Amino acid sequence: MDRSLFARSHSRRTVWLMLFVFLLGASAPASAQPSYVLFESGPVRPVALSPDKSKLFVTNIPDGTLEVFDVSGGVLTSMVSVPVGLEPVAVAAKDDTEVWVVNHLSDSVSIVDVASSPPRVVRTLLVGDEPRDIVFAGSPKRAFISTAHRGQHRTHSSISGVTGAGDPQLTTEGIGRADVWVFDAATPGSALGGAPVEIRTFFADTPRALATDGTTVYVAAHHSGNQTTTVPETSVPNGFTGSCGGGGAGQGVPNPSNNVFGDDAPETGVIVKFDGSDWVDALGCTWNNQVELSLPDHDVFAFDANTLVAGTIFDHVGTILFNMAINPTTGKLYVTGTESPNHVRFEGPGSHGGSTVQGRLSESRVTVLDPAGPSLDVQHLNQHIDYSQLHTDGGAVHNAIDAQIPHSLATPLQVLVDDDNQKVYVAAFGSAKVGVFDVAELEDPSFEANFDPTVESGDYLSTGEGPAGLALDTASDHLFVYERFANTVSVYDVSGAPAPAVQTVRLHSPEPASVVEGRPLLYDAVATSGNGEASCASCHIFGDLDSLAWNLGNPDDAISTDTQPMAEPIFENQPGFDDPNFHPMKGPMTTQTLRGMSTHGGMHWRGDRVDGFFGTDNCNGSPGSNAPCDEEHSFNNFIVAFEGLVGHDGIISGSDMQKFTDFALQLMLPPNPVANLDGTRTAAQQAGHAMYFSCGGDENTPAECAFPFPSPDPDATDTVEDCDGCHRLDPDSGFFGAGGEKSFEGEPQNFKVAHLRNMYQKVGMFGLDGLSPNTGPQVRGFGFLHDGSADTMFNFL
């Protein structure tokens, strides 16, 4: 039903290149698809109780079902499993008989009648791309669903008259990218897919969490940013400097200018952060003349549930926002999330380059918003951590760090308020814990000074791994927790001191053992970090990206070897085009998705994981690898990041790293949300397709022709191909814009040819130094290319 009619087909993969937004469609053979496809959609609100507290509803994300339990007898008794859409991540009960389920990958909401026999989906609403959360509010009751500002459904003719529907304007500057679809809960529309009352758009990047007190609805950006951006290498004066120039202006790449072995570092771009008045680099030098945009950092928006009129906007709530809840007594709003110090440079010990982010790449927080102020108060949940201490310091320091870990909360997801007992519960996804706070503690302006989790009693509840969803029955003092790693639901008695689960039910899952065993290596901050607060998922959010750039070079490291071939053989071993070395000080690089890596060989923007802990890949190909370098070998070489970046006590075991690799290489990108569902192209898309293969070839028979780059070899008869010559489009081999080789970008370093599949996620930064006018406020500070410095593909070309 829901999945067969409305789910986006995984067998069709498309890629789009944003040059006036044209798309390239392709079909992958059905035989190439595995029996289970790992999308790793992040749980948002996966658990809900019926208003009468007799039933518990749980979204079974990997199985695409809604699980219904009878809890009236004080225990979980399974009633039924209802098929819904792909990757259901949130559920809300409209009343005791009707439940709405948000299907993240189907771009839909399944309305389930739980009173029918058997319970079943009675209606499917089609919404914007990748919906995440749902709440009911207003009088008469309305449903509010958060989605990205894109997708086929928002431009469908059936809702052409709805306010807010239509073209998402993906190439237009200054457009909000956060949508909330509003439906009448009683009559969501008679047309196929329903008819929203309105689509509200907010000036932020893609949203995730919603919250309501019944009258006001709050919506929060997911990757909300932190007022950082990149000055591209071409706009940075040549050379390195340890001081600012006239007027405090930046006059080169901040020192050090070489690594600990004396090897000169390459020229790079510079990450800058807005300090309230200026754009400043790591030295405090200003770069105002090179930044032609502004980042207001709007994070949480309030609007009236009845009139839909916009209200208060809260700024600077956090970098990554996960969830929200309202305290019905105080009226304050709690927002869970993390703060990312990506303006701090380098990984590793910092003996040659000064301070680094080793052991401090993410801070877990609950930000308390007061609509009455309006005001906000950021509460860092792990202030017991001494970030100046690392395991490498040895001795007593080593033991002190280990003592911190059991009290740390990592990746705070769903937050829940127990109004009867004035408690707040926070699901710490990366800690196998639920944090427990008194309301008075959490709302205390002096929280950081007064709350110490190492001495507070009852500060957390130990759970199964990956706690993501919470529901509380205050009458029985039963806390229901959805634990994602094992796909279980557990019941905890919270009437007294935290206690073990009184019951655990495992949900059916089609996930293979390699997925289940490898998932903790991405998220588990207790097992993989130095202080229990961060993990690989702190930047690779749910296996994806964080929409930021980081300078994670290491001045204490040595030059390594690049064995990757050039996409165009005529540039092989040519001075100025092919550099055989990787310098460890690489400059700003945007976080890349972990999805879709299984056919793309060497990893990182430069492909520099061809060399590392497990040796150097000769890049002559390997069994099962379509790319010239071996992606399994390359991902295994990331093992050094556990110590150098996350601050773990040495590297993890080789067997654990292999489990992580086996998991990561199964992660897949979702289908294209912009292309037509039937694979047809618009006129503009067809024109872009023709330009992509402008030499007269197509995706099956590419032809070579002259391109505006001179051959480095005057005697060469070969020439550079068209776009497809480097950005290879060969779906049957798993290539969607890249074939695993490297190329040159006219910068001091060579980079791998980038795939193009997730460019739609990077829309929202406009204002490229020297090419764009001052474009004013934007929703994100990083766009395309390795350092995020290109605002549009048009300007890049």
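Draft legend 1. Layout of unusual backbone geometry. Cis geometry is adopted by the peptide bond preceding Pro118, which originates at Ser117 and carries an omega value of 0 degrees. Here Pro118 shows up in the loop between strand 9 (108-113) and strand 10 (120-126). Cis geometry is adopted by the peptide bond preceding Pro140, which originates at Ser139 and carries an omega value of 0 degrees. Here Pro140 is to be found in the loop between strand 11 (133-137) and strand 12 (142-148). Even without being a glycine, Glu87 presents a positive backbone phi close to 55 degrees. By the element assignment, Glu87 lies in the loop between strand 6 (77-83) and strand 7 (88-93).

Draft legend 2. Expanded view of the pattern of salt bridges. Under the counting rule described, the total for this entry stands at 20 salt bridges. As a salt-bridge pair, Asp133 and Arg45 come within 2.8 Å of each other at their nearest N and O atoms. Of this pair, Asp133 sits in strand 11 while Arg45 sits in the loop between strand 2 (22-27) and strand 3 (47-49), placing them 88 residues apart in sequence. Relative accessible area serves as the criterion here: at 15%, Arg45 is assigned to the buried category. With a shortest N-O distance of 3.9 Å, Lys332 and Glu443 are connected by a salt bridge.

Draft legend 3. Quick peek at the packing of aromatic side chains. Applying the stated criterion across every chain, the model contains 23 aromatic pairs. Arranged with centres 5.8 Å apart and planes meeting at 65 degrees, the rings of Phe144 and Phe303 form a pair that is edge-to-face. With Phe144 in strand 12 and Phe303 in strand 22 (residues 298-304), this pair connects stretches of sequence that are 159 residues apart. Residue classification places Phe303 among the buried residues on the basis of a relative accessible area of 1%. With a centroid separation of 5.4 Å and an interplanar angle of 40 degrees, the aromatic rings of Phe202 and Phe301 are classed as tilted. With a gap of 99 residues between them, Phe202 in strand 14 (residues 198-202) and Phe301 in strand 22 connect regions that are remote in the sequence. According to the relative accessible area criterion, Phe301 is buried, its value standing at 5%. Following the ring pairs from residue to residue traces out a cluster consisting of Phe322, Phe429, Phe485, Tyr523 and Phe542. The cationic tip of Lys141 hangs over the ring face of Phe136; the distance from NZ or CZ to the ring centre is 6.0 Å.

Draft legend 4. Expanded view of the sheet that holds strand 32 (residues 467-473). A sheet is described by the order of its strands in space; here four strands give the open sequence 32-33-34-35, paired in antiparallel fashion. Both edges of this open sheet fall to strand 32 and strand 35 (503-506), since each of them pairs with a single strand only. Adjacent strand axes in the sheet meet at a mean angle of 20 degrees, parallel and antiparallel pairs treated alike. Looking at chain direction, strand 33 (residues 478-483) and strand 34 (residues 488-493) are connected through six bridges and run antiparallel. From the neighbouring strand, His478 faces strand 34, where its bridge partner is Asp493.

Draft legend 5. Layout of the nonpolar core. Counting 65 residues, the largest nonpolar core has Leu56, Leu76, Trp100, Phe635 and Phe660 as the members making the most contacts within it. Among the elements that line this core, the one with the most residues is helix 10 (residues 654-664), at four residues. In this view, Phe660 contacts Gly518, Leu521, Leu522, Cys536, Phe635 and Phe642; residues no more than four positions away in its chain are not counted.

Draft legend 6. Structural context of the side chain of Thr367. Relative to the elements of secondary structure, Thr367 occurs in strand 26 (residues 363-370). Here Thr367 falls in the buried class, since its relative accessible area comes to 1%. At a separation of 2.9 Å, a polar atom in the side chain of Thr367 contacts the main-chain carbonyl oxygen of Val317. Here Thr367 is in contact with Val317, Leu333, Tyr334, Val335, Leu376, Asp377 and Val378, once residues within four sequence places are set aside.

Draft legend 7. Focus on the sheet that holds strand 12. Overall, antiparallel pairing links the four strands, which are arranged 11-12-13-14 in an open sheet. At either end of the open sheet lies a strand with only one pairing partner, and these are strand 11 and strand 14. Strand-to-strand twist of the sheet, defined as the mean angle between neighbouring strand axes without regard to direction, takes the value 25 degrees. In this sheet, strand 13 (residues 178-184) lies alongside strand 12 in antiparallel orientation, the contact comprising seven bridges. Bridge pairing links Thr147 to Asp179 in strand 13.

Draft legend 8. Seen up close, the environment of Thr463. Mapped onto the elements, Thr463 comes out in the loop between strand 31 (460-462) and strand 32. For Thr463, a relative accessible area of 14% gives the class buried. For the pair formed by Thr463 and Ala449, sequence separation is 14 residues and the distance between their alpha carbons is 27 Å.

Draft legend 9. Examining the state of the cysteines more closely. Within this structure, the stated rule accounts for two disulfides. Disulfide pairing is shown between Cys244 and Cys285; the S-S distance is 2.0 Å. On the sign convention where negative is left-handed, the bridge of Cys244 and Cys285, at about -90 degrees about the S-S bond, is left-handed. Here Cys285 lies in the loop between strand 21 (279-280) and strand 22 and Cys244 lies in the loop between strand 18 (240-241) and strand 19 (253-254), a separation of 41 residues in the sequence. The thiol of Cys536 is not disulfide-bonded; the next cysteine sulfur, from Cys539, is found 8.7 Å away.

Draft legend 10. Molecular detail of helix 10. When we look at burial in helix 10, the residues that qualify are Met657, Phe660, Thr661, Phe663 and Ala664. Summarising the axial view, the buried residues of helix 10 lie within an arc of 165 degrees, below the 170-degree limit, and thus occupy one face. Where helix 10 is buried, its residues touch helix 5 (513-518), helix 6 (520-523), helix 8 (631-636) and helix 9 (641-644).

Draft legend 11. Summary view of a nonpolar patch on the surface. On the surface, Phe613, Phe614, Val640 and Ile651 cluster together into a nonpolar patch covering about 320 Å² of accessible area. Position of Val640 relative to the elements: it lies in the loop between helix 8 and helix 9. Overall, the relative accessible area of 32% leaves Val640 in the partly exposed class.

About the criteria used
- Residue positions are given per chain, counted from 1 along the sequence in the order it is written.
- Local features are withheld for residues below a pLDDT of 70 in this predicted model, meaning they are given only at 70 or higher, and side-chain atom pairs are given and counted only at 80 or more; totals for whole chains, interfaces and linings count all residues.
- Hydrogen atoms and water are omitted, and side-chain values are computed over all heavy atoms in the structure.
- Helix numbering and strand numbering both begin at the N terminus, where a helix is a DSSP run of H or I of at least 4 residues and a strand a DSSP run of E of at least 2.
- Salt-bridge detection follows one rule: a side-chain nitrogen of Lys or Arg within 4 Å of a carboxyl oxygen of Asp or Glu.
- Each residue gets one of three labels from its accessible area relative to the maximum for its type: buried under 20%, exposed over 50%, partly exposed in between, using a 1.4 Å probe on protein chains only.
- By convention, a stacked pair of Phe, Tyr or Trp rings (six-membered ring in the case of Trp) has centres within 6.5 Å and planes under 30 degrees apart, an edge-to-face pair has planes over 60 apart, and any other such pair is tilted.
- In this analysis the charged atom, NZ for Lys or CZ for Arg, is taken to sit over a ring once it is within 6 Å of the ring centre and within 35 degrees of the ring normal.
- Strands are treated as partners if at least two bridges between them are detected by DSSP.
- An axis is simply a line fitted to the C-alpha atoms; with a helix, the fit covers only the stretch in contact. Between two such axes, the angle follows the N-to-C directions and lies from 0 to 180 degrees.
- Residues grouped as a nonpolar core are buried Ala, Val, Leu, Ile, Met, Phe, Trp, Tyr and Cys residues, joined through side-chain atoms within 4.5 Å.
- We call two residues in contact whenever any of their non-hydrogen atoms come within 4.5 Å of each other.
- Here a polar contact is taken to be a pair of N or O atoms separated by no more than 3.5 Å, where protein atoms must pair a possible hydrogen donor with a possible acceptor and residues adjacent in sequence count only if both atoms sit in side chains.
- When the sulfur atoms of two cysteines come within 2.5 Å, that pair is taken as a disulfide.
- In this context, the arc is that of the directions from the helix axis out to the C-beta atoms.
- Only residues whose relative accessible area exceeds 30% and that take part in no salt bridge are eligible for patches, with like-charged residues grouped when within 9 Å of each other and nonpolar side chains (Val, Leu, Ile, Met, Phe, Trp, Tyr) grouped when within 5 Å.
- What sets the accessible areas is the Shrake-Rupley method with a 1.4 Å probe; for residues, cover comes only from the shown protein chains.

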